[in-house]
Amino acid sequence: YMLMFLLQWDPKVAIYFQSLADKLTLFIGNSILIPAFSEYFLDDINKRHWNLLRGARKAGVNLVVSDPIIDELVSHFEILRNSYYSNIQESEDFYLEDEYNLTAIPHIIMRAYFYAKKRGKINSFDKFINHFVTPDLKTAKVDFIQLLKEMFGIEYIPEDELDVKIDSKIQEKLTEELTHSKGGMSKKAEVDAQLILSVYALREKNKETKDTSIFGYRTWWLSKDTTTFRIVKKVISERHHESCYIRPDFLYNYIALAPKQEEVKEIYDDLFPSLLGVNLSYHLPNDVAENVQKSINDHKELPNYRKQATLRRYTDRLKTDNSLRKKKNLNAFFEEEFKE
């Protein structure tokens with residue numbers, strides 16, 4: 001909304017992000033799904049991950065999961081169930097006595113269970129789990145596929161339907177590096193490596209590199225796993241220059257919370273220029289404004305296809321680069337672009 005205001009509520013800004021949303025396909029990682037499940041009993045206003053997924057889907061983003069994600073989710077709930085009945089159940093009173101004691105529990109969904117039980121929203125662990133899957137987990141995979149579809153509009157794509165070829169040598173190398181970074185969790189590393197390389201393979205299969213639109217790559221992995229991100233950048237940056245990660249805050253701030261085109265037109269007609277026109281004292285910081293103006297001038301003589309390529313590069317950078325959230329880093333970004 002601030003961006004819209006600074007540009008005098010130009011409807012083209014809303015059209016751009018709405019069009020971008022329609023072109024995105026995001027594989028949703030469990031670093032997003034598991035926290036979203038943990039928010040089930042929270043008030044709507046406090047459901048950050050939940051609202052992120054619902055807002056993105058409502059905006060037109062195509063949300064998907066594949067077999068590695070679902071299988072990892074099933075495994076996580078099996079660990080939860082075993083942990084509860086072997087270690088936690090007999091000590092429930094201790095954890096319910098003081099919420100500070102919940103910090104001793106490493107599983108966020110387990111902490112969510114105690115949070116809900118203390119507030120009288122649930123009275124047993126199995127009834128809590130039953131809000132997501134059958135408590136004995138015998139049909140967990142099917143349950144999760146249906147749950148994700150109904151809850152967030154997330155589509156399940158079986159591995160054979162992806163129909164992509166992954167270089168086994170690169171997969172092996174990436175899995176090895178990820179295993180070291182995850183404290184020897186080889187299964188988790190294997191799942192992440194397969195998913196990441198599938199995203200890159202889908203980009204190649206769908207010829208996204210040859211797409212000359214300003215919206216950049218379409219296929220991404222939505223995750224908060226920054227450790228994996230660093231390893232991926234180290235191992236395969238030479239072959240794949242653009243990251244496969246999309247920032248959750250980008251999706252939240254630019255897509256899920258973005259005003260829709262219809263809303264913008266309505267507000268534009270009602271308020272501009274009567275209200276916004278008298279607030280011309282509000283403007284971009286001088287240093288940022290100078291960089292923007294310089295960038296416009298530097299590109300004004302270029303043919304349209306070069307302007308499109310530049311916008312595409314900026315768009316993909318905005319999707320994935322966490323450093324661009326700060327103004328000083330934005331200035332450094334412009335300076336780097338001007339040097340090139």
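Calculation criteria
- Residues numbered from 1 in each chain as written.
- Predicted model: local features only at pLDDT ≥ 70, side-chain atom pairs only at ≥ 80, totals over all residues.
- Heavy atoms only, no water.
- Pairing = 2+ DSSP bridges.
- Helix = DSSP H or I, 4+ residues; strand = E, 2+ residues; numbered from the N terminus.
- Buried < 20%, exposed > 50% of the residue type's maximum accessible area, 1.4 Å probe, protein only.
- Contact = heavy atoms within 4.5 Å.
- Core = buried A, V, L, I, M, F, W, Y, C linked by side-chain atoms within 4.5 Å.
- Axes fitted to C-alpha atoms, helices over the stretch in contact; angles between N-to-C directions.
- Parallel < 35°, antiparallel > 145°, perpendicular 65-115°, else oblique.
- Left-handed = near helix turned anticlockwise from the far one by under 90°.
- Nonpolar A, V, L, I, M, F, W, Y, C, P; charged D, E, K, R; others polar.
- Salt bridge = Lys/Arg side-chain N within 4 Å of Asp/Glu carboxyl O.

Enquirer: I would appreciate a short explanation of the pairing of strand β1 (residues 25-28) in the present structure.
Expert: In summary, the side chains of a regular strand alternate between the two faces of the sheet. As paired strands, β1 and strand β2 (residues 62-66) are joined by three bridges and run parallel to one another. Each residue of the ladder has a partner; that of Leu-26, found in β2, is Leu-63.

Enquirer: Looking at this structure, I do not really get the side chain of Thr-175. What am I missing?
Expert: The topology assignment puts Thr-175 in helix α11 (residues 168-181). Here Thr-175 falls in the buried class, since its relative accessible area comes to 15%. Among residues more than four places away in sequence, those in contact with Thr-175 are Ser-186, Ala-189, Glu-190 and Ala-193.

Enquirer: For this particular structure, what's the right way to read the nonpolar core?
Expert: Judged by nonpolar contacts, the single largest core of 81 residues is most densely connected at Ile-28, Phe-37, Phe-77 and Phe-144. Not counting chain neighbours up to four residues away, the residues in contact with Phe-144 comprise Phe-37, Ile-70, Leu-73, Val-74, Phe-77 and Val-133.

Enquirer: Hey, could you run me through the packing of helix α5 (residues 67-88) against helix α9 (residues 140-152) in this one?
Expert: For any two helices packed against each other, the geometry comes down to the angle between their axes and how far apart the axes lie. The contact between α5 and α9 brings their axes to 10 Å, and the two run at 115°. By the angle class used here, α5 and α9 are roughly perpendicular. α5 and α9 meet at a crossing whose hand is right-handed. Residue-level inspection shows Asp-67, Ile-70, Asp-71, Leu-73, Val-74 and Phe-77 of α5 in contact with α9, the latter providing Ala-140, Lys-141, Phe-144, Ile-145 and Leu-148. Here the contact of α5 with α9 is composed, by residue class, of eight nonpolar, no polar and three charged.

Enquirer: Where do I start with the sheet that holds β2 in this structure?
Expert: If you trace the five strands from one edge of the open sheet to the other, you get β3-β2-β1-β4-β5, paired in parallel fashion. Single-partner strands in this sheet number two, and they are β3 (155-157) and β5 (245-246).

Enquirer: Would you mind going over the pattern of salt bridges with me for this structure?
Expert: Two side chains bearing opposite charge may form a pair once their charged atoms approach each other closely. Evaluation of the coordinates by the stated rule reveals 11 salt bridges. For Asp-44, the salt bridge is made with Lys-47, and the minimal N-O distance between the two is 3.5 Å. Assessed through its relative accessible area of 57%, Asp-44 is described here as exposed. Assessed through its relative accessible area of 7%, Lys-47 is described here as buried. Its salt-bridge partner being Asp-249, residue Arg-247 comes within 2.5 Å of it at the nearest N-O pair. Comparing Arg-247 with Asp-249, the two get one shared label, buried. Connected via shared salt-bridge partners are Asp-67, Asp-71 and Lys-141.

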